[in-house]
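Here is what each chain is made of, one letter per residue.
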Amino acid sequence: MKAIRRFTVRPVLPDTLRPLADLAHNLRWSWHEPTRALFASLERPGPAAAPGTDPVRILGALEASRLTALAADQDFLARLRAAAEDLDTYLHAPRWYQQQSGDLPAAVAYFSPEFGVTAALPQYSGGLGILAGDHLKSASDLGVPLIGVGLLYRHGYFRQSLGRDGWQQEQYPVLDPGELPVTLLREADGTPARITLALPGGRSLHAQLWIARVGRVPLLMLDSDVEDNAPGERSVTDRLYGGGSEHRLLQEMLLGIGGVRAVRMYTRLTGTPDPEVFHTNEGHAGFLGLERIRELQGEGLDFTAALETVRAGTVFTTHTPVPAGIDRFDRGLVARHLGEDGELPGVDTARILALGDETPLGGEPGVFNMAAMGLRLAQRANGVSTLHGAVSRAMFAGLWPGFDADEVPITSITNGVHAPTWVAPEVGRLGPDAPDRELWELRRTLRERLVTDVRERLRASWRQRGAADAELGWTDSVLDPDVLTIGFARRVPSYKRLTLMLRDKDRLRALLLHPERPVQLVVAGKAHPADDGGKRLVRELVRFADDPRVRHRIVFLPDYGMAMARGLYPGCDVWLNNPLRPLEACGTSGMKAALNGCLNLSVLDGWWDEWFEPDFGWAIPTADGAAAADEDRRDDLEAAALYELIERRVAPRFYDRGSDGVPTDWTAMVRRTLTDLGPKVLADRMVREYVERLYGPAATARRALTPTRARDLADWKARVREAWPTVTVDHVEVGDGLVDDLADAELGATPVVRVRVALGALGPDDVEVQAVTGRVDADDTLTDPRTVPLKPAGGPDLEGRLTYAGTLELDRTGSFGCTVRVRPTHPLLAHPSELGLVAVPEETTGEGAGVLLR
């Protein structure tokens with residue numbers, strides 16, 4: 001028989017054991033080894049904690065007799081007191097943030113559609129969620145007053161298994177919040193706290209709030225599975241990235257609009273300071289800006305002044321390097337849900353739709369673009385690696401017309417990973433001066449542990465595929481703890497090229513079965529349930545791995561997640577990454593591997609493009625030119641380069657042993673990776689950069705924007721936009737005005753540049769006039785440009801034009817060029833190109849053009 005209802009019966013803990021509940025419900029245990037060990041000792045003998053330890057489930061399974069025995073166990077009680085005191089100190093003692101000078105924000109709200117904090121709270125699908133979880137953990141470690149905001153999905157993402165033929169199968173187990181490390185937020189009278197959104201047709205969407213404690217950071221998760229909702233609204237938070245367009249829109253409204261209301265409710269009930277900065281991790285939560293505009297309109301600001309106020313305190317992080325990765329909705333659908341019959345009746349619908357207009361990006365007029373809205377609602381934006389920042393500036397340059405991509409106001413902060421979560425304890429305890437033999441033996445121990453785990457997972461997978469135990473004897477010899485082990489695990493969109501390794505199957509078999517220098521591969525990854533192309537890639541890989549000739553050397557492990565990853569990264573010798581460059585925004589799995597002494601073998605994309613050194617691993621060459629345009633030829637060339645690297649450089653270095661059996665050159669690379677690369681890839685470094693470069697300046701800008709100043713700034717922008725068509729550069733002179741006199745300009749010369757500009761209704765205080773100089777390429781485009789400010793040089797002429805002048809410094813030889821431009825300027829702008837307005841000389845060969853020095 002099946003139960004018609006499921007519920008959780010919690011144990012009643014004796015007073016001496018009460019701290020167990022606090023320890024279990026603060027997710028610091030997920031990265032604090034002593035606390036994990038404490039709970040693991042309740043589950044089974046031994047001090048070591050399993051990667052999948054779940055304290056809430058462990059407590060729920062304890063019988064009364066065991067609780068009584070524990071309450072009398074003085075050794076256990078001493079360990080419990082020590083863990084509780086350590087947590088209390090962690091939660092309340094000043095940390096890095098509290099020791100900083102300057103006026104940092106009292107609180108920051110961090111919104112993300114998914115959070116990967118622990119396998120015990122499966123609310124993530126891949127890198128975006130894991131990054132968000134690591135962001136919260138490092139913020140906690142540093143004492144940053146962050147409030148996380150997300151959704152609680154009752155089915156999480158999906159559990160992956162394989163069919164008999166290798167086709168991906170999805171299951172969606174129901175998650176009971178009573179079995180999760182979360183607590184319900186309640187009003188002072190004990191009733192559950194609720195937020196409500198208005199929907200078209202008089203409907204409502206209600207949500208309750210669950211809180212997960214991530215160290216010092218509260219993570220608020222909105223849950224629509226409440227009885228007050230109609231069935232359709234009740235299922236809004238059913239699955240991560242599930243459902244059709246309207247379903248996704250409702251999820252993103254609940255995350256953004258509902259999330260702001262959840263934060264307000266939480267701060268009211270707990271006395272926590274209201275956030276001064278709102279950070280949206282990708283565009284999914286972008287509607288939070290509209291809710292804050294609605295709040296400010298209720299305080300008396302008009303839309304434009306409210307928009308400026310919201311922008312000042314908002315940070316937007318983009319994670320996608322391709323337009324196809326951006327959430328987009330039908331404009332009519334957005335208008336219906338946010339208009340007069342929807343959630344934001346007091347906010348001008350036309351202005352809302354204008355925020356999501358993608359036509360400047362070459363998009364469609366009938367589409368609402370969440371990333372475009374996110375960038376328009378945030379004064380500060382960033383990509384997640386140096387290369388991705390450059391890609392993002394080019395991709396979104398249409399929002400700032402007239403500026404070179406390099407001047408688009410999108411910076412970059414390279415992602416990082418939370419070392420206490422991802423580093424094997426043995427690696428963390430390894431001293432920097434450990435002998436090569438000790439380092440090598442540890443690598444072998446971790447590899448052997450991975451082999452044991454892989455065999456168990458592989459047997460379980462084959463049983464799910466219908467195999468009997470009698471058929472699975474071969475799994476006992478899968479992988480070898482003494483063979484070079486390469487890992488590849490990630491989501492399976494086409495650009496990550498799961499099957500590039502299969503491009504030449506015969507050559508791959510030869511590598512796997514090499515008589516002297518064999519290689520073994522551990523592969524894992526999930527395709528999106530709606531991505532049949534990705535599922536075909538999984539099946540192709542699985543069928544190759546099923547071949548009896550190679551199945552002891554290559555395995556595909558289904559249901560890749562945090563629990564698997566924590567053993568996979570330390571146990572691999574090499575981490576493989578072969579995306580299409582530059583489509584990997586960052587790629588943090590290789591960072592986690594590196595922190596464990598695993599060497600990277602990767603295309604120069606994402607973070608690897610930024611920090612690659614030969615001592616840290618190998619760079620896979622990428623095809624360019626005509627070869628890159630032909631997809632088949634490109635993949636053939638890059639696969640061949642991959643095979644060549646493994647065969648001629650990676651494997652020989654691994655197997656080249658000294659008389660003591662230790663590969664000295666290999667261990668030297670491992671050591672350099674741990675000591676020199678490791679500090680760069682830390683999430684602590686990443687969060688510090690967010691605080692210093694984005695959160696702090698955003699808080700300062702938000703405080704400076706009083707209601708009066710916000711109105712003044714909005715009025716100034718409107719006046720500048722209206723007058724800008726009349727701003728022109730009418731005449732440019734360099735030297736004495738004769739271009740020929742500059743044909744033989746010498747290094748070190750300092751010619752004077754003069755320009756006449758017409759400002760129309762604007763005044764000199766509204767603009768800055770610059771000369772821009774640099775080398776020129778064959779098309780006369782300035783490269784590596786430098787700017788020289790020009791100052792007013794006299795009053796207006798008879799036509800009202802002003803003269804500006806300044807001195808150039810010809811400090812570089814070769815082809816040199818100069819032009820001039822006019823840009824708006826205001827002390828409250830965060831970036832000179834913020835308005836996307838610039839006036840330059842006319843595109844002619846006459847006196848209005850820039851000057852080329854040949």
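Please read these numbers as outputs of a predicted model, since none were measured by experiment.

A. Representation of the overall build of the protein in the model. The helix and strand tally for the protein stands at 27 helices and 27 strands. The C-alpha radius of gyration computed for the protein amounts to 30 Å, which stays within 12% of the reference 29 Å derived for 854 residues, consistent with globular compactness. For the C-alpha atoms alone, the extent of the protein along its principal axes is close to 95 × 70 × 50 Å. Split into buried and exposed, the 854 residues of the protein put 56% on the buried side. Accessible surface, the protein: about 34,400 Å² in total, of which carbon and sulfur atoms supply 50%.

B. Representation of the sheet that holds strand β17 (residues 554-557) in the model. On the basis of which strands lie adjacent, the open sheet formed by six strands has the order β17-β16-β15-β18-β19-β20 and parallel pairing. Either end of the sheet is taken by a strand with one partner, and the two such strands are β17 and β20 (617-620). Neighbouring strand axes in the sheet, compared pairwise and without regard to direction, differ in orientation by 20° on average. Pairing of strand β19 (residues 599-603) with β20 involves four bridges; the strand directions are parallel. Note that in β20 the partner of Ser 602 across the bridge is Ala 619. Each of β15 (484-489), β16 (519-524), β18 (574-577), β19 and β20 is contacted by helix α24 (residues 631-655), which is oriented at about 165° to β20, the strand it contacts most.

C. Broad picture of the packing of helix α8 (residues 245-270) against helix α9 (residues 288-298). Between α8 and α9, the least distance of the axes is 7 Å, while the angle of their chain directions is 55°. The angle between the axes of α8 and α9 places the two elements in the oblique class. Between α8 and α9 the crossing geometry is right-handed. Contacts between α8 and α9 involve Gly 256, Ile 257, Val 260, Arg 261 and Arg 264 from the first element and Leu 288, Glu 291, Arg 292, Arg 294 and Glu 295 from the second. Taken together, the residues that form the contact of α8 with α9 break down as three nonpolar, one polar and six charged.

D. Highlighting the packing of aromatic side chains. One pass over the full model with this rule turns up 17 aromatic pairs. Arranged with centres 6.2 Å apart and planes meeting at 25°, the rings of Phe 287 and Phe 368 form a pair that is stacked. Of this pair, Phe 287 sits in the loop between β9 (277-281) and α9 while Phe 368 sits in strand β12 (residues 367-369); the two residues are 81 residues apart in sequence, bridging distant segments of the chain. A relative accessible area of 0% means that Phe 368 is categorised as buried. One residue, Lys 526, lies across the ring of Phe 158, its end atom 4.9 Å from the ring centre. The aromatic ring of Trp 422 is capped on one face by Lys 592, whose charged end is 5.1 Å from the ring centroid.

E. Looking closely at the pairing of strand β25 (residues 802-807). Of all six residues that make up β25, five are buried, and the element is covered over most of its length. Across six bridges, the pairing between strand β22 (residues 752-758) and β25 is antiparallel. Looking at β25, one finds that Arg 756 is bridged to Thr 803. Pairing of strand β24 (residues 782-792) with β25 involves two bridges; the strand directions are antiparallel. Bridging from a neighbouring strand, Pro 792 pairs with Tyr 804 of β25.

F. How the structure looks around the packing of α24 against helix α25 (residues 664-677). Where α24 contacts α25, the axes come no closer than 6 Å and their chain directions differ by 105°. Considering the angle they form, α24 stands roughly perpendicular to α25. Contacts between α24 and α25 involve Val 650, Arg 653 and Phe 654 from the former and Asp 665, Trp 666 and Met 669 from the latter. Grouping the amino acids of the contact of α24 with α25 by side-chain chemistry returns four nonpolar, no polar and two charged.

G. Layout of the nonpolar core. Counting 97 residues, the largest nonpolar core has Leu 484, Met 501, Leu 601, Trp 618 and Trp 666 as its most contacted members. Setting aside residues no more than four positions away along its own chain, Leu 601 makes contact with Val 574, Trp 575, Leu 576, Asn 577, Trp 618, Ile 620, Leu 642, Leu 645 and Ile 646. Formed by 93 residues, the second largest nonpolar core is a distinct cluster that contains Val 236, Leu 249, Leu 254 and Leu 837.

H. The arrangement of helix α27 (residues 707-723) in detail. Between its first and last C-alpha atoms α27 spans 24 Å; for 17 residues at 1.5 Å apiece the expected length is 24 Å, and the two agree. The elements touched by buried residues of α27 are α10 (303-312) and β26 (816-824).

I. Layout of helix α17 (residues 436-464). Taking 1.5 Å as the rise per residue, α17 with 29 residues should run 42 Å; its terminal C-alpha atoms sit 42 Å apart, in good agreement. Note on α17: the residue one or two positions beyond its end, Gly 466, has a positive phi of about 105°.

J. Representation of unusual backbone geometry within the structure. The omega torsion of the bond from Arg 581 to Pro 582 falls at 5°, within 30 degrees of zero and hence cis. The topology assignment puts Pro 582 in the loop between β18 and α21 (589-595). Although it is not a glycine, Arg 497 sits at a positive phi angle of roughly 55°. The topology assignment puts Arg 497 in the loop between β15 and α18 (505-512).

K. Representation of the pairing of strand β4 (residues 168-171) within the structure. One ladder, built from four bridges, connects strand β3 (residues 159-162) with β4; its direction is antiparallel. Note that in β4 the partner of Ser 161 across the bridge is Gln 169.

L. Here's a closer look at the confidence of the model for the protein. In the predicted model, the protein carries a mean pLDDT of 92, and the fraction of residues at 70 or more is 96%. Scored below 50 in pLDDT, residues 46-51 makes ten contacts in the model with residues more than four places away or belonging to other chains. Confidence drops under pLDDT 50 across residues 844-854; counting only partners more than four residues distant or on other chains, this segment forms 33 contacts.

M. Highlighting the environment of Gly 178. Positionally, Gly 178 belongs in the loop between β4 and β5 (183-184). Taking C-alpha positions, Gly 178 is 49 Å from Arg 509, a pair spaced 331 residues apart along the chain.

N. Here's a closer look at the pattern of salt bridges. Taken as a whole and assessed by the stated rule, the structure comprises 68 salt bridges. Taking the shortest distance from any N to any O, the salt bridge between Arg 459 and Asp 476 comes out at 2.9 Å. With Arg 459 in helix α17 and Asp 476 in the loop between α17 and β15, this pair connects stretches of sequence that are 17 residues apart. Close ionic contact of Arg 503 with Asp 632 constitutes a salt bridge, the shortest N to O distance being 3.2 Å. Of this pair, Arg 503 sits in the loop between β15 and α18 while Asp 632 is found in helix α24, placing the two residues 129 residues apart along the sequence.

O. Seen up close, the environment of Leu 682. Relative to the helices and strands, Leu 682 resides in the loop between α25 and α26 (683-704). Considered as a pair, Leu 682 and His 418 are 264 residues apart in the sequence and their alpha carbons are 6.0 Å apart. In this structure, Leu 682 is in contact with Gly 416, Val 417, Ala 419 and Leu 595, ignoring residues within four places of it in sequence.

P. Inspection of the side chain of Thr 588 at higher detail. Looking at where Thr 588 falls in the secondary structure, it is placed in the loop between β18 and α21. Judged by its relative accessible area of 10%, Thr 588 falls in the buried class. Once you skip the residues sitting within four places of it in the chain, Thr 588 turns out to touch Asn 415 and Val 417.

Q. Local environment of the side chain of Ser 602. In this structure, Ser 602 sits in strand β19. Beyond its immediate chain neighbours, meaning those up to four positions away, Ser 602 contacts Asn 577, Trp 608, Trp 618, Ala 619 and Ile 620.

R. The arrangement of the environment of Thr 667 in detail. Take Thr 667: it is sitting in helix α25. Residue class for Thr 667 comes out buried when judged on its relative accessible area of 1%.

S. Representation of the state of the cysteines in the model. This model, assessed by the stated rule, comprises zero disulfides. In this structure Cys 572 is not part of a disulfide, and its nearest cysteine sulfur, from Cys 598, lies 5.6 Å away.

Reading the values: rules and limits
- Residues numbered from 1 in each chain as written.
- Predicted model: local features only at pLDDT ≥ 70, side-chain atom pairs only at ≥ 80, totals over all residues.
- Heavy atoms only, no water.
- Helix = DSSP H or I, 4+ residues; strand = E, 2+ residues; numbered from the N terminus.
- Rg over C-alpha atoms; globule rule 2.2 N^0.38 Å.
- Buried < 20%, exposed > 50% of the residue type's maximum accessible area, 1.4 Å probe, protein only.
- Areas by Shrake-Rupley, 256 points an atom, 1.4 Å probe, with all protein chains shown as cover.
- Pairing = 2+ DSSP bridges.
- Axes fitted to C-alpha atoms, helices over the stretch in contact; angles between N-to-C directions.
- Contact = heavy atoms within 4.5 Å.
- Parallel < 35°, antiparallel > 145°, perpendicular 65-115°, else oblique.
- Left-handed = near helix turned anticlockwise from the far one by under 90°.
- Nonpolar A, V, L, I, M, F, W, Y, C, P; charged D, E, K, R; others polar.
- Phe/Tyr/Trp six-rings, centres within 6.5 Å; stacked < 30°, edge-to-face > 60°.
- Lys NZ or Arg CZ within 6 Å of the ring centre and 35° of its normal.
- Core = buried A, V, L, I, M, F, W, Y, C linked by side-chain atoms within 4.5 Å.
- Expected span 1.5 Å × (residues − 1).
- pLDDT = per-residue confidence, 0-100.
- Salt bridge = Lys/Arg side-chain N within 4 Å of Asp/Glu carboxyl O.
- Disulfide = S-S within 2.5 Å.

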